[in-house]
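Structural overview
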Amino acid sequence: MSGLSINAITKRFGDFAAVDDVTLAVPHGSFVCLLGPSGCGKTTLLRMIAGLEEPSAGAIVLDGDDITTLPTHKRNLGMVFQSLALFPHLTVGDNIAYALRIRGASKQDQRKRVEELLSMIHLSGFADRPVTKLSGGQRQRVAIARALALSPKLFLLDEPLSALDAKLREAMQVELRQLQQRLGITTIVVTHDQREAMTMADLVVVMGKGKILQAAAPIEIYRKPADAFVADFIGITNLLPVEKDGAGRSTVLGAAVPELACPSGMTKATISIRPEDVRLTAPGKGMLDGTVTFVRDLGGTIETFVEAAGTTITAVATPRERPDVQVGQKVGVLLPAESCVVVKS
Amino acid sequence: MRREPPRSPADYAPLAFPALMLIVFFVVPFSIMIAVSFFKRDPAGFYKPDFVFDNYARFLSAFFGEVLGFSLMLAVTVAACCIVVAFPFTYLLTKRPRRVQTVWLVGLLSVLSLSEVIIGFAWSTLFSRTAGITNLFVAVGLMSEPVALLPTFGAVLTGMVYQALPYTILVLYPALVRLDPTMTEAARTLGASPMRAFFNVVVPALRNTIVATLIMVFVFALGSYLLPQILGRPRHWTLSVLITDQAIYQSNMPFAAAMAVFLVLISLSLVGLTLLVGRRENAA
């Protein structure tokens, strides 16, 4: 099979299972984001793929070859570390050419490839500078170029953009995605930033406590989160309890939502509804009545916090559909049934 | 936190005590020694004030040149051996679990509690024919009969490396423990075997630490006085031995002082040279 498959991989540190029986197929040429809070096992999983950590059980297969026990330096992969791990005693060019030098490439070939890579990362002419004299974004690019020097089969990045400021990070996300699409290289990125994952990935893998909670395309994860944890981790959401009343209708916070179909046999569940799907109307015209407790006007979007039936519901609107409400005002809240997703709580 | 530069004389007050100590116990004795090195020896008694270069002129003999050369060579060899043994050892030590590291470091610290005399006599027993390690080799069948391994240059070197090794490790340890472990991991993902990553990345990244440690062990070994006498022949004696000999047994204080000043100057200039070369390489 082409691509990377991870078969029932487990990594235990003593009694603690950092990665617990994870199975994942990464098609050739796809961009995968391992997403999760710190300590969820995403970095350990990446390090096992790189061979820097030995799995306690399971197998890793790359393009049909079992590489589970292959030492790192024979795996033909490129990796970008969170600390970047550039070699401080070498110049930009020598850092990038390191992998070529190890393989005994001629000086000429090394220089040619370094020039190619430098132009790819928009740093032509930087070859002779010491890496210690570069800015954060430049160092980032050099680390990426160094990892790609040998056109590896697998490109791994461990929280690669976390050291950059917000604006540069957003720009680098786009750049990294475009680079990956141009090269068609199978790429796995570890991140705890859901925006980053949504921007870059073909496949987002949400992890928690060493297990995969959901693996799907970004928009599917956003629209149809598998459980409350995923819904809460990916973007902002309203998690509301849903119950069945005596007549068998679904009720949210005491208000009947007849169109909402609960899975059969479930009497208590949670729904997730995204703030942009929540509608505010005049009091009495919605499903629930509530009081506005806070308005966060960010210019591009307006967030309104409404307290209804003891719970705070967040609604987001654009200025064009400006809800025009003030703190303390009574409003009606509409929760369109088609936007509600029933999740495991 | 930005520190305020000292302004009033009172701000310098905390420096008074260390400065006083330094003057009383270092500057004054050292100045006396420099002065004495220009005095004239009085064969009847001690020395009398004068200003002659005779004491320095005496070095220009082949004998003292040889002793000086041997002392420097010995110190450099000890420093090199210490680094070659201690650097990989300390690197591997930092990869072990915390508890293992602590046990090793405490063990090494305990070696520092041994005096030079004890180290010297312990090694002289170990290298002896009657009770030494060669008896073990005979018992194992590696040798046909026990031999004495001293007095030899090898014995002097072993004793001095043994004495200086804990210092070397303790100086290298903080730098190696702070070294970013992802640096070698990065080298490995780029195709370097662990051995190659060590020589390509760890050693060059810590070059300044290695040079500083070399200088420290070199200076430490240059002052060695007891071990060459216990474990070596007279031709393995260092300049320090000759200085003591002149000062105490020949009562020639001016010559001993001149030799001491000369030794200090030589080691200072060597250290300076090393730093200069290091800086030029860094700038290039």
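Residues numbered from 1 in each chain as written. Chains lettered and ligands numbered in written order. Predicted model: local features only at pLDDT ≥ 70, side-chain atom pairs only at ≥ 80, totals over all residues. Heavy atoms only, no water.

Chain B has the name ABC transporter permease in an unreviewed UniProt entry, where Ollibium composti is given as its organism. The Sequence similarities (unreviewed entry) field of the UniProt record for chain B holds the comment "Belongs to the binding-protein-dependent transport system permease family. CysTW subfamily." Per its UniProt entry, chain B bears the Subcellular location (unreviewed entry) comment "Cell membrane". (UniProt positions renumbered as here; feature names shortened; annotations may be inferred.)

Looking at an unreviewed UniProt entry, one finds chain A named ABC transporter ATP-binding protein, with Ollibium composti as its source organism. Under Sequence similarities (unreviewed entry), UniProt gives the following word-for-word description of chain A: "Belongs to the ABC transporter superfamily."

Attention shifts here to the overall build of chain B. When you go through chain B residue by residue, the secondary structure sums to 13 helices and two strands. Over its C-alpha atoms, taken along the principal directions, chain B stretches across nearly 70 × 70 × 35 Å. With 284 residues in all, chain B has 38% of them scored as buried. When contacts within chain B are restricted to residue pairs at least 6 apart in sequence, those whose partners lie at least 24 apart make up 68%. For chain B, the computed accessible surface area is about 16,400 Å², with 70% contributed by carbon and sulfur atoms. (Helix = DSSP H or I, 4+ residues; strand = E, 2+ residues; numbered from the N terminus. Buried < 20%, exposed > 50% of the residue type's maximum accessible area, 1.4 Å probe, protein only. Contact = heavy atoms within 4.5 Å. Areas by Shrake-Rupley, 256 points an atom, 1.4 Å probe, with all protein chains shown as cover.)

Across its full length, chain A carries eight helices and 20 strands. Its C-alpha atoms give chain A principal-axis dimensions of roughly 80 × 45 × 35 Å. Each of the 345 residues in chain A was classed as buried or not, and the buried ones make up 50%. Summarising the internal contacts of chain A: among those between residues at least 6 apart in sequence, 66% fall at separations of at least 24. Accessible surface computed for chain A: about 15,600 Å², of which carbon and sulfur atoms make up 51%. Considering chain A, the positive charge centre built from 38 side chains and the negative charge centre built from 36 side chains are found 5 Å apart. (Lys, Arg positive; Asp, Glu negative; His and termini not counted. Charge placed at Lys NZ, Arg CZ, Asp CG, Glu CD.)

Moving on, we come to the UniProt feature "transmembrane region" (unreviewed entry) in chain B. Those residues carrying the UniProt feature "transmembrane region" (unreviewed entry) are residues 12-39, 59-92, 104-127, 147-176, 197-227 and 255-278 of chain B in this numbering. Structurally, residues 12-39 of chain B is divided into 75% helix and 0% strand, and its ends, taken at the C-alpha atoms, are 37 Å apart.

Time to look at the UniProt feature "domain: ABC transporter" (unreviewed entry) in chain A. Those places that UniProt annotates as "domain: ABC transporter" (unreviewed entry) correspond, in this numbering, to residues 4-234 of chain A. Counting secondary structure, residues 4-234 of chain A comes out at 36% helix and 26% strand; the distance between its end C-alpha atoms is 25 Å.

Residue and element names in this part refer to chain B. With the rule as written, the count across this model stands at 16 aromatic pairs over all chains. Between Y167 and F220, the ring centres sit 4.8 Å apart and the planes meet at 50°, which makes this aromatic pair tilted. Note that Y167 is positioned in helix α7 (residues 153-178) and F220 in helix α10 (residues 207-222), a separation of 53 residues in sequence. Looking at Y167, the relative accessible area reads 34%, which means it is partly exposed. Under the relative-accessibility criterion, F220 is labelled partly exposed at 30%. Ring centres 5.1 Å apart and planes at 80° place the aromatic pair F198 and F199 in the edge-to-face group. (Phe/Tyr/Trp six-rings, centres within 6.5 Å; stacked < 30°, edge-to-face > 60°.)

To continue, consider the sheet that holds strand β8 (residues 186-191) of chain A. All names here are of chain A. Taken together, the six strands give an open sheet; going across it, the order is β6-β7-β8-β3-β9-β10, and neighbouring strands pair in mixed fashion. Edge strands, defined here as strands with exactly one partner in the open sheet, are β6 (77-80) and β10 (211-216). The sheet shows a mean angle of 15° between the axes of neighbouring strands, taken without regard to direction. Bridge analysis of strand β7 (residues 154-158) against β8 gives five bridges, and the strand direction is parallel. (Pairing = 2+ DSSP bridges. Axes fitted to C-alpha atoms, helices over the stretch in contact; angles between N-to-C directions.)

What follows covers a positive patch on the surface. A cluster of like positive charges, contributed by R101(A), K107(A), R111(A) and R196(B), occupies part of the molecular surface. Secondary-structure assignment places K107(A) in helix α3 (residues 107-120). Judged by its relative accessible area of 60%, K107(A) is exposed. (Patch = residues over 30% accessible without salt bridge, like charges linked within 9 Å, V, L, I, M, F, W, Y side chains within 5 Å. Salt bridge = Lys/Arg side-chain N within 4 Å of Asp/Glu carboxyl O.)

Right, let's talk about the pattern of salt bridges for a bit. What the rule picks out here adds up to twelve salt bridges over all chains. When the shortest N-O distance is used, the salt bridge between D202(A) and R177(A) registers 2.7 Å. You can see D202(A) sitting in the loop between α6 (194-200) and β9 (203-208) and its partner R177(A) sitting in helix α5 (residues 166-183), a full 25 residues away along the chain. Since its relative accessible area comes to 33%, D202(A) is described here as partly exposed. With a relative accessible area of 14%, R177(A) lands in the buried category. A salt bridge links R296(A) to E303(A); its shortest N-O distance comes to 3.0 Å. If you follow the salt bridges from partner to partner, you end up with R47(A), E53(A) and E185(B) in one network.

Our focus in this paragraph is a nonpolar patch on the surface. Together, F17(B), L20(B), M21(B), L22(B), I23(B), V24(B), F25(B), F26(B), V27(B), V28(B) and I32(B) make up an exposed nonpolar region whose accessible area comes to about 1,100 Å². A relative accessible area of 42% means that V24(B) is categorised as partly exposed.

In this section: helix α12 (residues 239-249) of chain B. Residues and elements named next belong to chain B. Among the eleven residues of α12, eight are classified as buried, and the element is accordingly described as predominantly covered. Here α12 has its buried residues at L239, S240, V241, L242, I243, T244, Q246 and A247. Count one or two residues on from α12 and you reach S251, which has phi positive near 50°.

What follows is about the interface of chain A and chain B. Across the boundary between the two partners, chain A contributes 21 residues, which contact 19 residues of chain B. Regarding the contact of chain A and chain B, the summed buried area is about 1,700 Å², with carbon and sulfur atoms giving 62% of it. Between chain A and chain B we count eight residue pairs in polar contact (both at pLDDT 80 or more) in total. Residue assignment for the side of chain A that touches chain B shows that the elements contributing at least two residues are β6, α2 (92-102) and α4 (136-148) of chain A. Here the element with the most residues in the side of chain A that touches chain B is α2(A); it accounts for four residues. (Buried area = accessible area lost by both parts, 1.4 Å probe. Polar contact = N/O pair within 3.5 Å; in protein donor to acceptor, adjacent residues only side chain to side chain.)

Looking now at the side chain of S5(A). All names here are of chain A. Secondary-structure assignment places S5 in strand β1 (residues 4-13). Using a relative accessible area of 13% as the deciding quantity, one classes S5 as buried. Apart from the residues lying within four places of it in its own chain, the contact partners of S5 are L24, A25, A59, I60 and V61.

Residue and element names in this part refer to chain A. What the four strands build is an open sheet, ordered β2-β1-β4-β5; its pairing is antiparallel. Sheet topology places β2 (16-26) and β5 (65-66) at the edges, where each strand pairs with a single neighbour. Relative to β5, strand β4 (residues 57-62) is paired through two bridges, and the arrangement is antiparallel. What sits directly across from L62, in β5, is D65. Contacting β1, β2 and β4, helix α1 (residues 42-50) crosses the sheet at an angle of about 115° to β1.

Residues annotated in UniProt with the feature "domain: ABC transmembrane type-1" (unreviewed entry) correspond here to residues 68-274 of chain B. Taken end to end, residues 68-274 of chain B has its terminal C-alpha atoms 19 Å apart, with 78% of it in helix and 0% in strand.

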